[in-house]
Amino acid sequence: MTHALPTPTLDTARLRLRPFADHDTADLVALMTDRAVLRYWDEPPWPDPARADGFLAGCRRMAEDGTGARVAVERREDGAFLGWCSLTGYDDVHRSATITYVLRQDAWGHGYATEAVGAILDWAFATLDLNRVQGEADTRNVASAAVMGKLGFVLEGTLREDCVVDGEVSDSWVLGLLRRDREQARAALD
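The structure contained in this document is the topic of the report that follows.

## Observations regarding the pairing of strand 5 (residues 96-103)
The element strand 5 is largely enclosed, with a buried count of six among its eight residues. By the bridge criterion, seven bridges tie strand 4 (residues 81-91) to strand 5 in an arrangement that is antiparallel. Among the inter-strand pairings, leucine 87 is bridged to a residue of strand 5, identified as isoleucine 99. Where strand 4 hands over to strand 5, the hairpin turn is made up of four residues, of which arginine 95 adopts a positive phi near 55°. Strand direction decides the pairing type here: strand 5 and strand 6 (residues 132-138), joined by three bridges, are parallel. Paired with alanine 97 across the strands is valine 133, a residue of strand 6. The parallel pair strand 5 and strand 6, bridged by helix 3 (residues 112-128), forms a crossover whose chirality is right-handed.

Listed below in structure tokens is the structure:
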């Protein structure tokens, strides 16, 4: 892809997904340095808060080069930063991309992940004419796999010992979502 892909602003019943702004830096650092939140992440918590600058630059770069979109997730009711969601590795030839998301621990268990990821998926399928989205979850992270399952993702396999974080080896599930799977999942949720 050779053209820009403007980062969307998406509103759901309870959330706003929007482009990252400089004022998000402190919240982003708090999220990405939280060991409990990143327990099943594929890299350790950020050792240096300056990583936020690279993260935000990466958001802008993805939008400029058209390879994806990363959005901040905030609660509409009070504007609280809850986390982020991204669609990366967009391939316009194969009409595919990868979904990633991370939310603050106090946002878990309220349906926010399902709502946020569902919104970005709907945007991506409509805007990018995707056929497939892939996601991964540490096999110990049953809650994340359940979120993807609610959205129509299907377990496709296990990557054995694919991550080593702080010396701990873990496996990952690979989940895939086809356009038709998403349409069926949306119909079931409506």
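Past the structure itself, the notes keep going.
## Remarks on the packing of aromatic side chains
Going through the model one piece at a time under the given rule, you end up with five aromatic pairs. Judged by centre distance (5.9 Å) and plane angle (85°), the rings of tryptophan 41 and tryptophan 84 are edge-to-face. Of this pair, tryptophan 41 sits in the loop between helix 1 (25-32) and helix 2 (51-65) while tryptophan 84 sits in strand 4, and the two are 43 residues apart along the sequence. By relative accessible area, tryptophan 41 is classed as buried at 18%. Judged by relative accessible area, which is 4%, tryptophan 84 ranks as buried. An angle of 65° between the planes, with centres 5.2 Å apart, marks the rings of phenylalanine 55 and tryptophan 84 as edge-to-face. In this pair, phenylalanine 55 is assigned in helix 2 and tryptophan 84 in strand 4, connecting sequence segments 29 residues apart. Here phenylalanine 55 falls in the buried class, since its relative accessible area comes to 10%. Through a chain of ring-to-ring contacts, three or more aromatic side chains come together here, namely Phe20, Trp41, Trp46, Phe55, Phe81 and Trp84. Just above the ring of phenylalanine 55 sits the side chain of arginine 70; from NZ or CZ to the centre is 4.1 Å. Sitting over the face of the ring of tryptophan 84, arginine 70 holds its NZ or CZ atom 5.4 Å from the ring centroid.

## Here's the deal with the environment of tryptophan 46
For tryptophan 46, the location among the structural elements is in the loop between helix 1 and helix 2. Taking C-alpha positions, tryptophan 46 is 35 Å from alanine 185, a pair spaced 139 residues apart along the chain. In contact with tryptophan 46, not counting residues within four places along its chain, are Leu28, Val29, Met32, Thr33, Arg51, Ala52 and Phe55.

Calculation notes
Residues numbered from 1 in each chain as written. Predicted model: local features only at pLDDT ≥ 70, side-chain atom pairs only at ≥ 80, totals over all residues. Heavy atoms only, no water. Buried < 20%, exposed > 50% of the residue type's maximum accessible area, 1.4 Å probe, protein only. Helix = DSSP H or I, 4+ residues; strand = E, 2+ residues; numbered from the N terminus. Pairing = 2+ DSSP bridges. Right-handed = clockwise from strand over helix to strand, strands pointing away. Phe/Tyr/Trp six-rings, centres within 6.5 Å; stacked < 30°, edge-to-face > 60°. Lys NZ or Arg CZ within 6 Å of the ring centre and 35° of its normal. Contact = heavy atoms within 4.5 Å.

Coordinates in, geometry out; function isn't part of it.
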